[in-house]
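Next come the chains, spelled out residue by residue.
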Amino acid sequence: MSNAVVQQPPTRRNALRPVRVCLLGSVQAGKTTFLGGLGILREPNRHTPFRVTPLDEQSDSYLKDKAGQLRAGQWPGPSTITELIRLHIILDHTVMEVMVLDYPGGNFTEALAALRESEAQTLRQFVHEAEVVLLLLDPALDLGVDGQSEVMARQEAFITTLAHLQIAYQQGQHAGPHHPIWLAMVVTKCDRYPQLAGRGAVRRLVDEYGGPFRNKLAEYSTKIAYFAVSAVGATRPNPADPDHPLPASQLTPTGYEELFRWIIRKRLWDRIRPWVKRGAALACIGAICGGVVGSVSKVEMAMFTPPVQRHSG
Ligand SMILES: Nc1nc2c(ncn2[C@@H]2O[C@H](COP(=O)(O)OP(=O)(O)OP(=O)(O)O)[C@@H](O)[C@H]2O)c(=O)[nH]1
Ligand SMILES: [Mg+2]
């Protein structure tokens, strides 16, 4: 067994079960490279607050392989087999369990069917319990920023996938009220798009290019958040193919920390939400009672207070 595959000792708040994060994306959306970027961030010489731990041998070699390719200045290349990657990500003492189905072409549902039944069952169960779904979106292919024509078909595939997953929850043996999912629209390859810099830029891009798509996604989620990531941070020219630059020699994956911090805030919010609701309910009751008492006392006051004399002039 590789040294990298270690069971984490319990951290301060590890007694809680990890936040379950599911990652989806169409062909070429940048799924594999996104994970390669995580592999880069876990390198010991990086000033990052992340601890990324593969949960099995396969995930470990996957991560090393993809990070190694990026470090060698190459893209990982299209995925040719369906693989289930399982990671623990620890940030700010919070453990997140990330399960990703990395699949070649086709759609998520087909990829699910390509898995061994036990793996498919694991993934279905995981997706059922996932609190966070990250949708990786290529700005051009999925949002049409460069006027791509396949956009509609890809957006349709996303909606269909989410619908299938939701039907699967309801028909599965784990049927029951489903907890709210938080959905993040994660725009990849942001190093190529200067318009994605700055706060609120992704949301504006989605408003401009994918408003109706976002509104459809909103039917599956109580909350949608927007992020931009780049697995490499920058690229270098590719003399052999000028339209497809290669990963820069200095890799600086960007946007990951913000994304994973949002997930942590989500966990925190889920924990305090019941108390906030209870507090709000009590405050309402208090306000109503206070209002009734207040109006009674105003009436009583009016009865005992002599009328104010009007002074004119
Ligand atoms: N500039 C830039 N290009 C990227 C980045 N991530 C991915 N790409 C480009 O997008 C291509 C596809 O990325 P992949 O990670 O292979 O996408 P995928 O979703 O795994 O694709 P399939 O395995 O084919 O479904 C890469 O070959 C790169 O050309 C990034 O962060 N920056
Ligand atoms: Mg891939």
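Each chain carries its own residue numbering, running from 1 in the direction its sequence is written. Here every chain gets a letter starting at A, and every ligand a number starting at 1, in the order they are written. Only residues with pLDDT of at least 70 get local features here, since the model is predicted, and only at 80 or more are side-chain atom pairs given and counted; chain-wide, interface and lining totals rely on the full set of residues.

**Student:** Can you tell me about the overall build of the protein, naming the residues and giving the values?
**Tutor:** Going along the chain from the N terminus, every DSSP run of H or I of four or more residues is numbered as a helix, and every run of E of two or more is numbered as a strand. Looking only at helices and strands, the protein has seven helices and nine strands in total. Per-residue burial over the protein gives 32% buried out of 313 residues. Labels follow a simple rule on C-beta atoms placed from the backbone: if 20 or more others lie within 10 Å of a residue's own, it is buried; if 12 or fewer, it is exposed; otherwise it is partly exposed.

**Student:** Hey, could you go over helix α2 (residues 57-71) for me, with residue numbers and the actual values?
**Tutor:** Three or four residues apart is the spacing at which side chains of an α-helix point the same way, because the helix has 3.6 residues per turn. Here the expected span of a helix is defined as 1.5 Å times the quantity of residues minus one. Here α2 spans 21 Å end to end across 15 residues, near enough to the 21 Å set by a 1.5 Å rise per residue. A positive phi of about 80 degrees marks Gly 73, the residue just after α2.

**Student:** Outline the pairing of strand β6 (residues 182-187), listing residues and values.
**Tutor:** Within β6, six of the six residues are buried, which leaves it mostly tucked inside the rest of the structure. Residues of β6 alternate between two faces, with Trp 182, Ala 184 and Val 186 on one and Leu 183, Met 185 and Val 187 on the opposite face, all of them buried. Here, any two strands with at least 2 DSSP bridges between them count as paired. Bridge count for strand β5 (residues 132-137) against β6 is six bridges, and the pairing is parallel. Counterpart to Leu 135 in the pairing with β6 is Met 185. Relative to strand β7 (residues 223-228), β6 is paired through six bridges, and the arrangement is parallel. Bridged to Val 186 within β7 is Phe 227.

**Student:** Residues and numbers for the site of ligand 1, please.
**Tutor:** Close contacts around ligand 1 come from 22 residues, with Thr 32, Thr 33, Trp 75, Pro 78 and Ser 79 the closest. All residues other than Ala, Val, Leu, Ile, Met, Phe, Trp, Tyr, Cys, Pro, Asp, Glu, Lys and Arg, Gly among them, are scored as polar; the first ten of these are nonpolar and the last four charged. Tallied by class, the residues present in the shell around ligand 1 amount to eight nonpolar, ten polar and four charged. Any residue qualifies as near a molecule or strand once its backbone-derived C-beta atom lies within 6 Å of it.

**Student:** Pulling in residues and values, what's your account of the confidence of the model for the protein?
**Tutor:** The pLDDT value expresses, per residue, how confident the predictor is, ranging between 0 and 100. Mean pLDDT over the protein works out to 80, with 81% of the residues at or above the 70 mark. Model confidence for the protein, summarised as mean pLDDT per element, is weakest for helix α7 (residues 256-304) at 71 and strongest for strand β9 (residues 246-247) at 98. Any two residues are considered in contact once their C-beta atoms, placed from the backbone, lie within 7 Å. Across residues 1-15, where pLDDT falls below 50, the model places 21 contacts with residues more than four positions away in sequence or in other chains. Low pLDDT, under 50, characterises residues 299-313; the stretch is placed with zero contacts to residues that sit more than four places away or in other chains.

**Student:** Please provide a residue-by-residue account of the sheet that holds strand β3 (residues 83-91), values included.
**Tutor:** What the seven strands build is an open sheet, ordered β2-β3-β4-β1-β5-β6-β7; its pairing is mixed. Lying at the two open borders of the sheet, with one neighbouring strand each, are β2 (51-54) and β7. Direction aside, the axes of adjacent strands within the sheet are offset by 25 degrees on average. To obtain an axis, a line is fitted to C-alpha atoms, over the contacting stretch when the element is a helix, and the angle between two such axes runs from 0 to 180 degrees between their N-to-C directions. On top of the sheet, helix α1 (residues 31-41) reaches β1 (19-25), β2, β3, β4 (94-102) and β5; it is set at about 145 degrees to β4, its chief contact.

**Student:** Please set out helix α4 (residues 117-129) residue by residue, giving values where relevant.
**Tutor:** The terminal C-alpha atoms of α4 lie 18 Å apart, and with 13 residues this matches the ideal 18 Å at 1.5 Å per residue to within 8%. Along α4, the residues classified as buried are Leu 123, Val 127 and His 128. In a view along the axis of α4, the buried residues occupy a sector of 140 degrees, so they form one face of it. The directions considered for the arc are those from the helix axis to the C-beta atoms.

**Student:** So, the packing of α1 against α2: which residues are in play, and what are the values?
**Tutor:** How two helices pack is summed up by the angle between their axes together with the distance between the axes. It is the contact of α1 with α2, at a shortest axis distance of 8 Å, that shows an interaxial angle of 90 degrees. With respect to each other, α1 and α2 are oriented roughly perpendicular. Of the residues in α2, those touching α1 at Thr 32, Leu 35, Gly 36, Leu 38, Gly 39 and Ile 40 are Leu 63, Lys 64, Lys 66, Ala 67, Gln 69 and Leu 70. Across the contact of α1 with α2, the residue classes tally to six nonpolar, four polar and two charged. For this classification, under 35 degrees means roughly parallel, over 145 means roughly antiparallel, 65 to 115 means roughly perpendicular, and everything else is oblique.

**Student:** Break down the environment of Tyr 62 for me, citing the residues and quoting the values.
**Tutor:** Mapped onto the secondary structure, Tyr 62 falls in helix α2. A count of 24 C-beta atoms within 10 Å places Tyr 62 in the buried class. Taking the C-alpha atoms as reference points, Tyr 62 and Glu 83, separated by 21 residues in sequence, lie 8.9 Å from one another. Once residues lying within four places of it in the same chain are set aside, the contact partners of Tyr 62 are Glu 83 and Ile 85.

**Student:** Could you give an account of unusual backbone geometry, with specific residues and numbers?
**Tutor:** Located in the positive-phi region is Asp 92, a residue other than glycine, with phi close to 50 degrees. For Lys 189, which is not glycine, the phi torsion reads 60 degrees and is therefore positive. Given 24 C-beta atoms within a 10 Å radius, Lys 189 is considered buried.

**Student:** How would you explain the environment of Ala 234 if you had to name every residue and give the values?
**Tutor:** By the secondary structure assignment, Ala 234 is in the loop between β7 and β8 (235-236). Overall, Ala 234 belongs to the partly exposed group, with 15 C-beta atoms counted inside 10 Å. Measuring from C-alpha to C-alpha, the distance between Ala 234 and Lys 189 comes to 9.2 Å, with 45 residues separating the pair along the chain. Leave out the neighbours within four places in its chain, and Ala 234 touches Asp 191, Ala 248 and Thr 252.

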